[in-house]
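Understanding the architecture of this molecule
Residue-level listing of the chains:
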Amino acid sequence: MYARITGTGSYLPGLPVSNDDLVRRGVDTSDEWIITRTGIRARHLVEPGRMTSDLAFEASCRALEAAGCKASELDLIIVATTTPDFILPSTACLLQARIGNVGAMTFDVQAVCGGFMYALSIVEKFIRSGSHKKALVVGAEVISRILDWQDRGTCVLFGDGAGAVVVEASEAYEAYDTPGILSTVMRADGSHHGILSVAGQICGGQIVGDPFLRMDGQAVFKFAVRVLSEVAHECCDSAGISPSGIDWLIPHQANIRIIESTVRKLNLSMDKVVVTVDRHGNTSAASIPLALDVAVRDGRIRRGQKILLEGVGAGVTWGAVLLQF
Ligand code: UT7
């Protein structure tokens, strides 16, 4: 039994906000600095009143349509998010109600930018065990709500969005050319929790601690490049192929310099890498399914190709999924 992606979808809210738009809004930065240091040209910022589940809903509808799957057929729904609509219930349950499903096992995963990798790997285990047959896996964020717009070292980097995939059970015998997920590797090292965090909470009706995202950018950068190249090797090794044997690498879309450094360490060419960070900045758990959907819909990714997805985020969490699409 394999777990196979049968449909992808994504959604970006509102109009793109350019780097110059941020300057006009009073951020002490420049288009030249942001492009040179990050590769980001624009991001999308959610409209007032809209929530993570709203973005997740749009991406999910597109993924379900692409898979030819009805919401009522799903038996597992996971949303990876670090910006849930509410403290409770889970954003996944809110999404479940919106798409019109009753009865699927439904929960959120919190592994920040590593969240979609974790969620996809969890789904693969459920499907391979035979306990579940059709899953919806979503990465969705309104990360702009936890940005300090006075902190130019972070606020220019992030954006809002959602990406979704439908994953279905596929018997090995019927999956000769497109078996689906071949290997997964998930890791975390909580001793580095301080390099990227929102160290606040609500207690007794008050915000306690710091409600904004804080980051040691250089520490995150170095950590990310190291673990993204390590985990890519580990994931390929466990499927018995070398990184040079993959058709497409879809890394977490945080910074073009992190992507380029990782690609250099893996001895790959940038021609094999899907890059969308320029259009939407770092959308945390949404970034990998967003990039996957773009490359599927524009025809770059085709059935039968080997795709390596990999992400890293606060925690620190990281992971990779190798699949034959
Ligand atoms: O999912 C993972 C999420 N996190 C990341 O991906 C972040 C990883 N880290 C990075 O991408 C980079 O560290 C940054 C892009 C955040 C920063 O780039 P850097 O090359 O490490 O710059 P820096 O922090 O060393 O800052 C260099 C200079 C500083 O000025 P001085 O002290 O040299 O005068 C900063 O104050 O750049 C200044 N600076 C800015 N200038 C214009 C910092 N942010 C900005 C800005 N616009 N937005």
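Residues numbered from 1 in each chain as written. Predicted model: local features only at pLDDT ≥ 70, side-chain atom pairs only at ≥ 80, totals over all residues. Heavy atoms only, no water.

1. Some details on the packing of helix α7 (residues 217–238) against helix α8 (residues 256–265)
- At a closest axis distance of 9 Å, the pairing of α7 and α8 adopts a crossing angle of 40°. On the basis of the axis angle, α7 is oblique to α8. Viewed along their axes, α7 and α8 form a crossing whose handedness is right-handed. Residues Phe 221, Ala 224, Val 225, Arg 226, Leu 228, Ser 229 and His 233 of α7 form the contact with α8, whose participating residues are Arg 257, Ile 258, Ser 261, Thr 262 and Lys 265.
- Of the residues that constitute the contact of α7 with α8, the class distribution is 5 nonpolar, 4 polar and 3 charged. (Axes fitted to C-alpha atoms, helices over the stretch in contact; angles between N-to-C directions. Helix = DSSP H or I, 4+ residues; strand = E, 2+ residues; numbered from the N terminus. Parallel < 35°, antiparallel > 145°, perpendicular 65-115°, else oblique. Left-handed = near helix turned anticlockwise from the far one by under 90°. Contact = heavy atoms within 4.5 Å. Nonpolar A, V, L, I, M, F, W, Y, C, P; charged D, E, K, R; others polar.)

2. Topic: the domain arrangement of the protein chain
- According to the domain assignment, the protein chain contains domain 1 (2–170) and domain 2 (181–324).
- Measuring from the centre of the C-alpha atoms in domain 1 to the corresponding centre in domain 2 gives 14 Å.
- With both sides pooled, the region where domain 1 packs onto domain 2 buries about 3900 Å², and carbon together with sulfur makes up 63% of that total.
- Taken as a group, Cys 113, Met 117 and Tyr 118 account for 17% of the area that domain 1 buries against domain 2, more than any other trio of residues on that side.
- In this structure, the connection of domain 1 to domain 2 is made through 2 salt bridges. (Domains from an automatic or database assignment. Buried area = accessible area lost by both parts, 1.4 Å probe. Salt bridge = Lys/Arg side-chain N within 4 Å of Asp/Glu carboxyl O.)

3. Details of the site of the ligand
- Lining the immediate surroundings of the ligand are 23 residues, of which Thr 29, Arg 37, Arg 152, Gln 218 and Asn 255 lie closest.
- In the environment of the ligand, a nitrogen atom lies 2.6 Å from a nitrogen or oxygen atom belonging to the side chain of Thr 29.
- Within the side chain of Arg 37, an N or O atom sits 2.7 Å from an oxygen atom of the ligand.
- Relative to its unbound accessible surface of 960 Å², the ligand loses 72% to contact with the protein.
- Within the residue set of the shell around the ligand, elements represented by two or more residues are α2 (31–38), α6 (152–155), α7 and α8.
- Broken down by element, the residue count for the shell around the ligand peaks at 4 residues, all from α7. (Near = heavy atom within 4 Å. Polar contact = N/O pair within 3.5 Å; in protein donor to acceptor, adjacent residues only side chain to side chain. Areas by Shrake-Rupley, 256 points an atom, 1.4 Å probe, with all protein chains shown as cover.)

4. Topic: the sheet that holds strand β8 (residues 180–188)
- Taking strand neighbours across the sheet as the criterion, the 4 strands line up as β8-β15-β14-β13 in an open arrangement whose pairing is mixed. With one partner strand each, in any of the chains shown, β8 and β13 (248–251) form the two edges of the open sheet. On average, adjacent strands in this sheet sit at an angle of 10° to one another, irrespective of strand direction.
- Of the pairings in the sheet, the one linking β13 to strand β14 (residues 306–313) comprises 4 bridges and is parallel in character. Note that in β14 the partner of Pro 251 across the bridge is Glu 310. (Pairing = 2+ DSSP bridges.)

5. Topic: the side chain of Arg 43
- Along the chain, the position of Arg 43 falls in strand β3 (residues 42–44).
- At 7.0 Å, Asp 21 is the nearest oppositely charged side chain to Arg 43, a buried residue that forms no salt bridge.
- Looking at Arg 43, its side chain comes within polar contact range of the main-chain oxygen of Val 156, at 2.9 Å.
- With sequence-adjacent residues up to four places away left out, Arg 43 is seen in contact with Leu 15, Pro 16, Val 17, Ser 18, Asn 19, Leu 22, Ile 34, Val 156, Phe 158, Gly 159, Arg 279 and His 280. (Buried < 20%, exposed > 50% of the residue type's maximum accessible area, 1.4 Å probe, protein only. Lys, Arg positive; Asp, Glu negative; His and termini not counted.)

6. Some remarks on α7
- Along its 22 residues, α7 runs 31 Å from first to last C-alpha, staying within 8% of the 32 Å computed at 1.5 Å per residue.
- Within α7, the full set of buried residues consists of Val 220, Phe 221, Phe 223, Ala 224, Val 225, Val 227, Leu 228, Ser 229, Val 231, Ala 232, Cys 235 and Cys 236.
- On its buried side, α7 packs onto β8, β9 (196–197), β12 (214–215), α8, β14 and β15 (317–324).
- Just past α7, the residue Gly 240 takes up positive phi, approximately 75°. (Expected span 1.5 Å × (residues − 1).)

7. Observations regarding the pairing of strand β6 (residues 134–141)
- Extensive coverage of β6 is indicated by the burial of 7 of its 8 residues.
- When strand β4 (residues 76–80) meets β6, the two strands line up parallel, connected through 5 bridges. Within β6, the residue paired with Ile 77 across the bridge is Leu 136.
- Strand direction decides the pairing type here: β6 and strand β7 (residues 161–170), joined by 8 bridges, are antiparallel. From the neighbouring strand, Ala 140 faces β7, where its bridge partner is Ala 162.

8. Here's the deal with the packing of aromatic side chains
- Under the counting rule described, the total for this entry stands at 1 aromatic pair.
- Aromatic pair Phe 223 and Trp 318: ring centres 5.5 Å apart, planes at 70°, arrangement edge-to-face. Of the two residues, Phe 223 sits in helix α7 while Trp 318 sits in strand β15, which places them 95 residues apart along the sequence.
- Looking at Phe 223, the relative accessible area reads 8%, which means it is buried.
- The class of Trp 318 is buried, set by a relative accessible area of 10%.
- Between Arg 300 and the ring centre of Trp 248, over which it is positioned, the NZ or CZ distance is 5.9 Å.
- The cationic tip of Arg 303 hangs over the ring face of Phe 325; the distance from NZ or CZ to the ring centre is 4.0 Å. (Phe/Tyr/Trp six-rings, centres within 6.5 Å; stacked < 30°, edge-to-face > 60°. Lys NZ or Arg CZ within 6 Å of the ring centre and 35° of its normal.)

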